[in-house]
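One-letter residues, chain by chain:
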Amino acid sequence: IFRASGLVSLPSILLLGPSGSGKTSLLTLFERGANASTHTSQSPIAVECSLPVGAIAGTDKYRSINDPTNLTHKKFLLLDTPGHGKLRHHALETITNPQNLKGVIFLVDAANMATGDEGLRQTADYLHDVLLLLQKRMSNGASKAPKEMAVLIAANKMDLFTALPAALVKSSLETEITKLRVSRSKGLLDSGVNMGDDGEDNDDWLGEMGSKDFKLSQMEEFNIMVEVAGGNVTGNANVEKWWKWVGDRL
Ligand code: GTP
Ligand code: MG
């Protein structure tokens with residue numbers, strides 16, 4: 001799908017996350033520098049974006065301030081995906097078949113993540129699947145697999161007073177994934193999927209084997225670097241940390 005855009009050689013950043021978390025709103029802001037209203041997405045789209053002057057890309061860090069190349073806009077491709085459960089295969093296909101993929105931004109609605117909330121459960125469920133797919137890709141030594149993959153959990157909608165701060169978004173997701181991990185592995189045992197191989201087949205366990213609590217830092221063992229940072233897209237937009245993260249990947 002993205003191949004048709006003719007922009008394949010640019011470094012790309014993939015936007016994932018549940019429906020309504022603000023992916024298309026963020027794409028619009030990154031592309032045009034302004035907000036516009038969105039509708040729920042039904043298919044993936046790719047747009048070319050430029051890093052704003054002032055947000056210095058990672059590879060430029062050691063150049064002198066006076067170096068004229070600092071003034072050129074770093075270009076990248078931003079890939080938006082539909083968050084609806086039935087359309088997520090589009091998003092997941094992009095992870096397994098990346099074209100110069102430099103990072104994944106997993107957008108979450110921080111105002112919809114209270115403990116026991118269905119929103120939290122669904123968000124954790126999707127994040128678990130994304131991280132597990134990346135983990136499998138990184139650990140099976142696929143020749144196309146990158147050496148390292150960066151994931152930014154962007155805690156969006158911080159302008160709303162009901163939004164959880166980024167640190168709480170992080171710990172809530174970790175707690176929820178801890179529960180999910182256990183129930184998924186029980187489900188596999190019950191269905192007999194893992195029978196007959198002495199429990200050696202632990203491909204579907206996310207993070208550190210034998211750990212009681214899931215921590216996002218457990219992904220580092222698979223060269224998946226996960227960060228969490230807050231911001232908001234609409235209103236008085238605050239996306240500086242996210243721009244910086246993107247810049248560091250280009
Ligand atoms: P799907 O396409 O269904 O996967 O959703 P999406 O992630 O693309 O969400 P979208 O960008 O369409 O945004 C959903 C709603 O959230 C819209 O009404 C946005 O205006 C709103 N929204 C996005 N970002 C923010 C934010 O930072 N703060 C607030 N208050 N609302 C936001
Ligand atoms: Mg959308």
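Computed from a prediction, not measured in an experiment: that's the story for all the values here. (Residues numbered from 1 in each chain as written. Chains lettered and ligands numbered in written order. Predicted model: local features only at pLDDT ≥ 70, side-chain atom pairs only at ≥ 80, totals over all residues. Heavy atoms only, no water.)

Caption draft 1: Spotlight on the site of ligand 1. Residues in close proximity to ligand 1 total 20 residues, the closest being Ser19, Ser25, Thr38, Thr40 and Ser41. Within the side chain of Lys23, an N or O atom sits 2.7 Å from an oxygen atom of ligand 1. Between ligand 1 and Gly83, the relevant distance is 2.7 Å, taken from an oxygen atom to a main-chain nitrogen or oxygen of the residue. For ligand 1, whose free accessible area comes to 670 Å², the fraction covered by protein is 81%. Taken atom by atom, the bulk of ligand 1 overlaps the largest pocket. Looking at the shell around ligand 1, the element that brings in the most residues is helix H1 (residues 23–32), giving 3 residues. Tallied by class, the residues present in the shell around ligand 1 amount to 4 nonpolar, 13 polar and 3 charged. (Near = heavy atom within 4 Å. Polar contact = N/O pair within 3.5 Å; in protein donor to acceptor, adjacent residues only side chain to side chain. Areas by Shrake-Rupley, 256 points an atom, 1.4 Å probe, with all protein chains shown as cover. 1 Å grid on protein atoms, 1.4 Å probe; cavity = no way out; pocket = protein on both sides within 12 Å on 5 of 7 lines; lining within 4 Å. Sits in = over half its atoms within 2 Å of the grid points. Helix = DSSP H or I, 4+ residues; strand = E, 2+ residues; numbered from the N terminus. Nonpolar A, V, L, I, M, F, W, Y, C, P; charged D, E, K, R; others polar.)

Caption draft 2: Just the layout of surface pockets, in detail. Here the largest pocket defines a volume of roughly 300 Å³. Lining the largest pocket are 21 residues, and of these Gly20, Ser21, Gly22, Lys23 and Ser25 sit closest to its centre. The greatest single-element share of the lining of the largest pocket, amounting to 3 residues, is contributed by H1. Of the residues assigned to the lining of the largest pocket, the class counts are 3 nonpolar, 15 polar and 3 charged. (Points joined across faces, edges and corners; volume = space filled by probe spheres on them.)

Caption draft 3: Looking closely at the packing of aromatic side chains. Under the defined criterion, the tally for this structure stands at 3 aromatic pairs. Relative to Trp243, the ring of Phe76 has its centre 6.1 Å away and its plane inclined at 85 degrees; by these criteria the two rings are edge-to-face. Of this pair, Phe76 sits in strand S3 (residues 75–80) while Trp243 is found in helix H5 (residues 240–249), placing the two residues 167 residues apart along the sequence. Summarising the burial analysis for this pair, Phe76 and Trp243 share the class buried. An aromatic cluster is defined as three or more aromatic residues linked by ring pairs; in this entry it consists of Phe30, Phe76 and Trp243. The lysine or arginine in question, Arg88, covers the ring of Tyr126, its NZ or CZ lying 3.8 Å from the ring centre. (Phe/Tyr/Trp six-rings, centres within 6.5 Å; stacked < 30°, edge-to-face > 60°. Buried < 20%, exposed > 50% of the residue type's maximum accessible area, 1.4 Å probe, protein only. Lys NZ or Arg CZ within 6 Å of the ring centre and 35° of its normal.)

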